[in-house]
Amino acid sequence: MIWVRELRVHQWVKNLLLFVPALTSFRFLESAIWGSLLIAFAAFSIIASAIYIINDLVDAPNDRAHLTKRNRPIASGSISSALGLWVALALVLAGLGLGFFAGLDFLLVLALYLAATFAYTFWLKKTVLVDCLTLAGLYTIRVIAGAVVTGIALSFWLLAFSIFFFASLAWVKRYAELEVLGASGKSKADGRGYSVTDQPLILAFGTMSAFIAVLIFALYLDSDAIKALYSVPEIGWLAIPLMMYLIGRIWLKAHRGQMLEDPILFVLRDFASLLTLALIAGSLALAHFGWVW
């Protein structure tokens, strides 16, 4: 159980972003791409667990002073730093080895993700604003990897939407952390460079990014690109108010101090958010296939 916590197995759900290109292009019914996608998912998950261990090794001093992070296995001493380092190295090698079987192009993207996470762990997460932009990039790299491993062309629209939407999630994560810190009487985040007084600015950045993402989707619905993919694109407009509700709910929960985890994990555990996602997917599927299935 200790290693399940340390490897953050529950965080592997973020790697479902690899499936986004197949879903948005409606090619998920092609069985030929699933083998590559599953290998890619496993490779990203193994690499992600290795990075979590390394991150815990680096953050151990700050984690021991944190209200909840002090209970992490390495910070609490349940797992020794030496053992954690060896396991992390083994996982990196295993993840890269598995990525090789998914193709050289995918392996290069996986290596880019690994390099970016290392840069984030050791340097970028300590730099105000840059840390959130890097997190948005790490989410987006997963989408890019999903396109590369399946050979699906990554559209400008999906890439632009992803960058702004994931930037908003990165901002909301930082905002929620500061909200919890403020409620506990602290004024500054250890090792992050943010203070509780930065919340209004982060709120502005995050909500702006979110609604830019919605605007990009609206422009996509009126573009020539949609005509080749959707039979009745007008139905796709139903997704816009649903997206606005989803974004609003996430930020409202963060503002109320109820976002105690990663926003993606929150969405996947929140019934109202899951229902909204299902309705968004249903409206887009209906727009694609038309009224007659």
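Below: a short report on this structure.

Reading the values: rules and limits
- Residues numbered from 1 in each chain as written.
- Predicted model: local features only at pLDDT ≥ 70, side-chain atom pairs only at ≥ 80, totals over all residues.
- Heavy atoms only, no water.
- Salt bridge = Lys/Arg side-chain N within 4 Å of Asp/Glu carboxyl O.
- Helix = DSSP H or I, 4+ residues; strand = E, 2+ residues; numbered from the N terminus.
- Buried < 20%, exposed > 50% of the residue type's maximum accessible area, 1.4 Å probe, protein only.
- Patch = residues over 30% accessible without salt bridge, like charges linked within 9 Å, V, L, I, M, F, W, Y side chains within 5 Å.
- Areas by Shrake-Rupley, 256 points an atom, 1.4 Å probe, with all protein chains shown as cover.
- Core = buried A, V, L, I, M, F, W, Y, C linked by side-chain atoms within 4.5 Å.
- Contact = heavy atoms within 4.5 Å.
- Axes fitted to C-alpha atoms, helices over the stretch in contact; angles between N-to-C directions.
- Parallel < 35°, antiparallel > 145°, perpendicular 65-115°, else oblique.
- Left-handed = near helix turned anticlockwise from the far one by under 90°.

**With respect to the pattern of salt bridges**
Enumeration over the complete set of coordinates arrives at 7 salt bridges. Of the charged contacts, one joins D262 and K14 as a salt bridge, the two residues approaching to 2.9 Å between their closest N and O atoms. Remark: K14 occurs in the loop between α1 (2-6) and α2 (20-24) and D262 occurs in the loop between α10 (239-255) and α11 (263-269); sequence separation between them is 248 residues. Accessibility expressed as a relative area gives 5% for D262, which makes it buried.

**Considerations on unusual backbone geometry**
For R8, which is not glycine, the phi torsion reads 55 degrees and is therefore positive. A positive phi is found at F26, a non-glycine position, where the angle reads about 60 degrees. The topology assignment puts F26 in the loop between α2 and α3 (34-63).

**Points about a nonpolar patch on the surface**
Together, M1, V4 and V9 line one region of the surface with nonpolar side chains, adding up to about 300 Å² of accessible area. Its relative accessible area of 76% is what places M1 among the exposed residues.

**Re the nonpolar core**
Generally speaking, a soluble globular protein has its nonpolar side chains buried in company with each other. Ranked by size, the top nonpolar core spans 89 residues in total, and within it F44, F106, F166 and F217 carry the most contacts. Looking at this core, the element that brings in the most residues is helix α8 (residues 156-183), giving 14 residues.

**Things to note about the environment of P233**
When you line up the elements, P233 lands in the loop between α9 (199-221) and α10. Residue classification places P233 among the buried residues on the basis of a relative accessible area of 16%. C-alpha of P233 to C-alpha of A189: the two residues are 44 residues apart in sequence and 45 Å apart in space. Excluding its chain neighbours within four sequence positions, the residues that come into contact with P233 are L221, I226 and A287.

**Considerations on the packing of α10 against helix α12 (residues 271-289)**
Across the interface, α10 lies against α12 with an axial gap of 9 Å and an inter-helix angle of 160 degrees. Considering their axes alone, α10 and α12 lie roughly antiparallel with respect to each other. As for how α10 packs across α12, the hand of that crossing is left-handed. Listed contacts from α12 to A239, L242, M243, Y245, L246 and R249 of α10 are A272, S273, T276, L277, L279, I280, S283 and L284.

Coordinates in, geometry out; function isn't part of it.
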